[in-house]
Amino acid sequence: IAGIFDSDGHIGNIGKKRISLISTKEVLKFISNYISERFNINELKLTKVTENKDNVYKLYLYKDSTKFLDFIYGDKDFKYMSRKYKIFLEKYKWQN
């Protein structure tokens, strides 16, 4: 999950904190179930990205997205992309 987020995830902060992941519907359903069970977060939104692509979806997480990001970036063994980690620090950590 961390690798998928690091490569195909997005950290946004337009009005409110949010993250999104892009992948196939099946992968995102698996991730959505994992997030729901692991973090007790049920406010996830799965949408089709475009009608031109058959199986490309985006999963949005608004509420409690910081819990998920702390999980991703709290693993000291995970070699994350420094660019995305800097965005995490700038958009999330300074507000806590």
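The text that follows walks through the structure, step by step, so that each part is easy to find. (Residues numbered from 1 in each chain as written. Predicted model: local features only at pLDDT ≥ 70, side-chain atom pairs only at ≥ 80, totals over all residues. Heavy atoms only, no water.)

1. Things to note about the environment of T66
- With respect to the secondary-structure elements, T66 resides in helix 3 (residues 65-74).
- Each C-alpha atom of the pair T66 and F88 lies 9.2 Å from the other, and the pair is 22 residues apart in sequence. (Helix = DSSP H or I, 4+ residues; strand = E, 2+ residues; numbered from the N terminus.)

2. Let's talk about helix 3
- Residues S65, T66, F68, L69, I72 and Y73 constitute the buried set of helix 3. Around the axis of helix 3, the buried residues are gathered within 155° of arc, so they sit on the same side. (Buried < 20%, exposed > 50% of the residue type's maximum accessible area, 1.4 Å probe, protein only. Arc of directions from axis to C-beta.)

3. With respect to the packing of aromatic side chains
- For the structure shown, the criterion picks out five aromatic pairs.
- Plain terms: the ring middles of F39 and F68 are 6.4 Å apart, the flat faces sit at 85° to each other, and that makes the pair edge-to-face. Highlighted residues: F39 in helix 2 (residues 25-39) and F68 in helix 3, separated in sequence by 29 residues.
- Judged by its relative accessible area of 0%, F68 falls in the buried class.
- Ring geometry for F39 versus F71: centroids 5.3 Å apart, planes at 70°, classification edge-to-face. (Phe/Tyr/Trp six-rings, centres within 6.5 Å; stacked < 30°, edge-to-face > 60°.)

Shape is all these values report; function is a separate question.
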